[in-house]
Amino acid sequence: MNEVPPTFSVGRKPEGVTLRADPWMPEFGMGFEAFVEEEDEGQVDAKVESEDWSRPVVPAARPPRDLWFVDGVRRVDLRLIASRGGQRSPGLIGSFAVGSVRCAERARFGEVMVGRSVILGGGLVPERFELRRGSTILAFEPLTVPGIEPDLPLWRLQRLMRDAEAALAARIAGAERSVILADGPLTFHEPTKCPIVGMAKRFHRLYISNEQGELLSHLGKGQRTPLFLLGRPESGVRRYAWYARIAHLPAPWHDQTAIVRCEVRATLPIDEAIELADEVTARLPTYAGRRADPRTPQNLAPIAGLETWLRHRMGDTRLVRRAALSWLRATEMAP
Amino acid sequence: MRVEPAKSSEPVGMVIGTEDSTPLRFWVGVPADAYLQLDDPVLVETEVPGRGRVRIFGLVQDVRARHEGATFDTDVFLVNSGVLPVETAVAAEVVATRFEPEIYVPPLPGLPAVRARGRDRDEALYFDQMVRRIPAGLSRDGEPMFLDLDFLDGGRGAHMNISGISGVATKTSYALFVLYALFHSPTLGAFRPNTKAIVFNVKGEDLMWLDRPNLRLTQTARDDYEKLGLPVGPFESVGLWAPVRQGTRGHAVPSVESRSEGVTAYYWTIKEFIRERYLRFLFAEAEDERSQIADLVARIEHYLDRECVDDPDNPATVVHRGVAVADFEALCSLISDQLEDEHSRWRGRLADSTVAAFQRRLDAARFRVGHLIWGREAENAAAHRIDFEANQVTVVDIHDLHDRAKRFVTGVILKRLFEHKERIGRREPLHILVLDELNRYAPREGRSPIKEVLLDVAERGRSLGMILIGAEQTASEVEGRIIANAAFRVVGRLDTAEALRNEYGFLPAVTRQRAGILKPGSMILQQPHIPIPIQLRFPFPCWATRSEEATPTRDSDAVFARFRTP
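Counting from 1, residues in each chain are numbered in the order their sequence is written. Ligands are numbered from 1 and chains lettered from A, in the order in which they are written. Only residues with pLDDT of 70 or above have their local features reported here, since the model is predicted, and side-chain atom pairs are shown and tallied only from 80 upward, although totals for entire chains, interfaces and linings are computed over all residues. Hydrogens and water molecules were not included; the side-chain quantities draw on all heavy atoms of the structure.

## Description of the nonpolar core
All names here are of chain B.
Okay, so step 1: Phe-358 and Phe-408 are the most contacted members of the largest nonpolar core, which totals 88 residues.
Okay, so step 2: Elements are defined by DSSP. Helices are runs of H or I of four residues or more, strands are runs of E of two residues or more, and each kind is numbered from the N terminus. No other element matches helix α9 (residues 403–424), which puts 8 residues into this core.
Okay, so step 3: Setting aside its immediate chain neighbours within four residues, Phe-358 contacts Leu-279, Phe-283, Ile-293, Leu-296, Val-297, Ile-300, Ile-335 and Leu-339.
Okay, so step 4: The term nonpolar core refers to a set of buried residues drawn from Ala, Val, Leu, Ile, Met, Phe, Trp, Tyr and Cys, joined through side-chain atoms within 4.5 Å. Classification of residues uses two cut-offs on accessible area relative to the type maximum, computed with a 1.4 Å probe and protein chains only: under 20% is buried, over 50% is exposed, and between them is partly exposed. Tyr-174, Leu-228, Val-393 and Ile-532 belong to the second largest nonpolar core, which has 67 residues in total. Contacts between residues were defined by any pair of non-hydrogen atoms, one from each residue, lying within 4.5 Å.

## Description of the pairing of strand β7 (residues 136–144) of chain A
Successive side chains on a regular strand alternate, one facing one side of the sheet and the next facing the other.
All names here are of chain A.
Okay, so step 1: Pairs of strands are assigned from DSSP output, requiring at least two bridges between the strands. The sheet contact formed by strand β5 (residues 107–120) and β7 spans 4 bridges and is parallel. Across the sheet, residue Ser-117 finds its bridge partner in β7, namely Glu-141.
Okay, so step 2: Direction of pairing for strand β6 (residues 129–133) relative to β7: antiparallel, over a ladder of 5 bridges. In the strand pairing of β7, Phe-129 is matched with Phe-140.

## Topic: a negative patch on the surface
Okay, so step 1: Together, Asp-337, Glu-340, Asp-341 and Glu-342 of chain B give the surface a local cluster of negative charge.
Okay, so step 2: Note that Glu-342 of chain B resides in the loop between α7 (328–340) and α8 (352–369). Candidate patch residues must exceed 30% relative accessible area and have no salt bridge, after which like charges are joined if within 9 Å and Val, Leu, Ile, Met, Phe, Trp or Tyr side chains if within 5 Å. Accessible surface is estimated by sampling points in the Shrake-Rupley manner with a 1.4 Å probe; for residues, cover comes only from the protein chains shown. Every case where a carboxyl oxygen of Asp or Glu lies within 4 Å of a side-chain nitrogen of Lys or Arg is listed as a salt bridge. We count Lys and Arg on the positive side and Asp and Glu on the negative side, and we leave His and both chain ends out. Where a charge lies is defined by one atom per residue type: Lys uses NZ, Arg uses CZ, Asp uses CG and Glu uses CD.

## Some details on the pairing of strand β20 (residues 466–472) of chain B
All names here are of chain B.
Okay, so step 1: With respect to burial, β20 is a largely interior element, 7 of its 7 residues being buried.
Okay, so step 2: A two-sided burial pattern is seen for β20, the buried positions comprising Met-466, Leu-468, Gly-470 and Glu-472 on one face and Ile-467, Ile-469 and Ala-471 on the other.
Okay, so step 3: Of the strand pairs in this sheet, strand β19 (residues 431–435) and β20 are connected by 5 bridges, and their pairing is parallel. Bridge pairing in β20 places Leu-433 opposite Leu-468.

## Quick word on the pattern of salt bridges
All names here are of chain B.
Okay, so step 1: Counting across every chain of the model gives 65 salt bridges over all chains.
Okay, so step 2: The shortest N-O distance in the salt bridge between Glu-422 and Arg-460 comes to 2.8 Å. Residue Glu-422 is located in helix α9, and its partner Arg-460 is located in helix α11 (residues 449–464); the two are separated by 38 residues in the primary sequence.
Okay, so step 3: One salt-bridge network, held together by shared partners, links Glu-10, Asp-40, Arg-115, Arg-117, Asp-141 and Glu-143.

## Remarks on the side chain of His-320 of chain B
Okay, so step 1: Checked against the element boundaries, His-320 of chain B lands in strand β15 (residues 318–320).
Okay, so step 2: If we ignore the near neighbours within four places in the chain, the residues touching His-320 of chain B are Glu-307, Cys-308, Val-325, Leu-334, Gln-338 and Trp-346 of chain B.

## With respect to the packing of aromatic side chains
Okay, so step 1: Within 6.5 Å between ring centres, the rings of Phe, Tyr and Trp (the latter by its six-membered ring) count as paired, and their orientation is classed by plane angle as stacked under 30 degrees, edge-to-face over 60, tilted in between. The final tally for this structure, using the stated rule, is 24 aromatic pairs over all chains.
Okay, so step 2: For the pair Trp-53 of chain A and Phe-228 of chain A, a centre-to-centre distance of 6.2 Å together with 50 degrees between the ring planes defines the contact as tilted. Separated by 175 residues along the polypeptide, Trp-53 of chain A in the loop between β2 (18–22) and β3 (67–84) and Phe-228 of chain A in strand β10 (residues 228–230) bring together distant segments of the chain.
Okay, so step 3: Here Phe-228 of chain A falls in the buried class, since its relative accessible area comes to 0%.
Okay, so step 4: Residues Tyr-180 of chain B and Tyr-225 of chain B carry aromatic rings whose centres are separated by 6.0 Å and whose planes lie at 75 degrees to one another, so their mutual orientation is edge-to-face.

## Let's talk about the sheet that holds strand β14 (residues 308–310) of chain B
All names here are of chain B.
Okay, so step 1: With antiparallel pairing, 3 strands are arranged side by side in an open sheet as β14-β15-β16. This sheet does not close on itself; its edge strands, each paired only once, are β14 and β16 (323–325). The mean inter-strand angle of the sheet, taken between neighbouring strand axes irrespective of direction, is 40 degrees.
Okay, so step 2: Pairing of β14 with β15 involves 3 bridges; the strand directions are antiparallel. Whenever a helix is involved, its axis is fitted only over the stretch in contact; in every case the axis is a line through C-alpha atoms, and angles between N-to-C directions fall within 0 to 180 degrees.

## Quick notes on a nonpolar patch on the surface
Okay, so step 1: A grouping of Trp-24, Met-25 and Phe-28 of chain A is seen on the molecular surface, where their side chains present a nonpolar patch of about 350 Å² in accessible area.
Okay, so step 2: Among the structural elements, Met-25 of chain A can be located in the loop between β2 and β3.

## Some words on the sheet that holds strand β3 (residues 41–48) of chain B
Okay, so step 1: The antiparallel closed barrel is built from 6 strands, whose spatial order is β1-β2-β5-β4-β3-β6 (chain B). Geometrically, the sheet is characterised by an average inter-axis angle of 45 degrees between neighbouring strands, direction not taken into account.

## Details of the interface of chain B and chain A
Interfaces are often sized by the amount of accessible area the parts lose when they come together.
Okay, so step 1: The interface of chain B with chain A comprises 15 residues on the first partner and 17 residues on the second.
Okay, so step 2: The term buried area denotes the loss of accessible surface (1.4 Å probe radius) that occurs when two parts are joined, taken as the sum for both partners. Roughly 1,200 Å² is buried in total at the junction of chain B and chain A, and carbon and sulfur atoms are behind 62% of that figure.
Okay, so step 3: Contact with chain A buries surface across chain B, with Gly-82, Val-83 and Pro-85 of chain B losing the most and accounting together for 44% of the total.
Okay, so step 4: Joining chain B to chain A, the criterion identifies 1 salt bridge.
Okay, so step 5: Close ionic contact of Arg-290 of chain A with Asp-75 of chain B constitutes a salt bridge, the shortest N to O distance being 2.4 Å.
Okay, so step 6: We call two N or O atoms a polar contact when they sit within 3.5 Å, provided that within protein one can donate a hydrogen and the other can accept it, with sequence-adjacent residues counted only if both atoms are side-chain atoms. At the surface where chain B touches chain A, the tally comes to 1 residue pair in polar contact (both at pLDDT 80 or more).
Okay, so step 7: Of all the secondary structure elements, the ones that give two or more residues to the side of chain B that touches chain A are α1 (75–80) and β5 (87–100) of chain B.
Okay, so step 8: Examining the composition of the side of chain B that touches chain A, we find that 4 residues originate from one element, α1 of chain B, more than from any other.

Structure (structure tokens):
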């Protein structure tokens, strides 16, 4: 590159739109609970593996095998308010990063992808813009959401991150022969060379009946419930799911702590899904989160390590925030 | 096959930005495919706006490695079992030694660092500025290290002081290595043949084999000498002197256990004792500053010299008022008689208690030192007077003597040498004095005649060309002015508590810790040119240090070999 780029290229703001920043730090007055990701899945078939929900399934121990973990983190760097006429829409400037860890004899970080975006609500479409910090150029991809509810731009950022996670998981699944564990519910179902297992750390909605749910309290470490089928046939994302206990946490901790919900795509033959469920359930306790982790034990140790690494790779939010504010000031003054 | 060290500098990492980079101290991040170890010379080039390129040289003072991303001590077990992903980070702390040109700026984070080799290394260690340099040993990566002769021979500085625990610190061996390097490198030029060394053998008979090659020298040690540009062999010109055996009369036999030939017995005569005023060295233990014994000794020396005339019948003795002082016993009686005589001028107005104290010490000296001062029984006194001009290295054995006698011999030789140098009045050729157990001769507290001479050597020896290579277990027990005058400070294995004392203030904290774990043959050298002390090792002596090394393997060894456990 021969010519030195300017500190930032000023993107044109949408016609007649005033773009202003909210001085509150993003962690205040913003955010949504994870249950937003738990949609109503309609009919659940809890008899795909067994009708007997009185006893846990106890998988046999497995020989060591490579395991991949895929996860992402996201962050709002600056909240925006876009106004046109009398209408005010929420917006944000945010960053996300997705990456992977391969656990073999040693656990190693795989490739990392960092993305940044400027998202406006109310159907306003921002322009792509770049910020230059030192020798690094930060490019913000423009996105829009139709509504004006305050959390919508954040929801969009979350989806952006999930999509990137899914793409990374699919890329690894296409190239490696192993099992891939992706953080969160499974959001895609295209067949891959090796299986991808989604893992929800926490759940509010129990898809099975209350009687069946009794079994969760009786699961031992490394044991699971029978498989059940989730998702409407017409919606496409149908998957087999099961609950598994990854650590032994006696009272005073409640009886559903240390339980995760795992999912695989339902296009797998049921035998393969069962085999995969057994393998993952048997393996998970090894990777249970450290006691000192704020989300112990469901935040698996490789995932926790990966998240720390990814947050670091997103760069210092103070620098991004400062650069974004300079950009806003410059666009304000632009003719 | 030996691996030749690379001659061109090689990349080893980058200046990191997570630790403050300062002109005198900065950190270099080391990638997985490179390494830096303690004492490695490092070079970083940085661009200074408007001033051009600045080359910053430094030495690695500390290296650390850590898991990045691990929070708890127990994380290491998770990492090891393949559960927790982390990065391993290695970084080396570099202390700057030199800036070319002298613009004191910090190297900026991200600048590449190289391990200095060849000419870069010479610059980092100032070897390029040492016009007259002699080998000082090998750095731990096997490259030659040098010391600047200008700071040893009195040109710009003088003296060397070596501290360390006996037996492990190899102080004397290092002193001899420096002598060997000096005598076998061309640096001294035309003065080399006439440069002399006087070495006191204070422990065992290790130094009584300096004139023999070490037949058991390993090939590795030979390679080390080759790297240093030194030949392998013994000291060529050595005079070995041992005290005369107690109880012998007439024919003087040296008191030495391990070898029978090539060692000359030494003693002094009554006449020398009186004329050269050696009496004071019988009273050479450290005295309270207020003690008056020294005054009494000076009076007696004075009157002895004045009232005694040379014995016409014997060159070794004197006559006092018509009575021959035939031996040391007679001399002691003469002194006692004079002191007991209340009208004698010898005792002056000194108190009875002082005289009594003097008498007690004289008695002790008579018993411990008497055999070294001969009277009529001396046959050929000249042949038994220590001649430090006859050979390049003169070894004076005192290891088996009583403390009092050790002080006497040391004091007498120091005085003679100092007077000799004063008479010559010029610096070169040099006389180098190697003296272990300095704390015995120049203790921190009190005064003694030897300490006076040693202080003279330390403070004036530089201009007189009399160089002191002194050694002691603990520098904290030695007169501070003697230590302070040494241009070179060398430290072998140190007691941990001793290493914390002020006398070792020149050692940075990390180096002090290292001094506690040094192996025999490893020393830490501080020299005027280089701002931080550097650890080095020196090769095993290529001269014999005991009879087994001096003689070819005998059959008896084979016999004994059978008894060794496999």
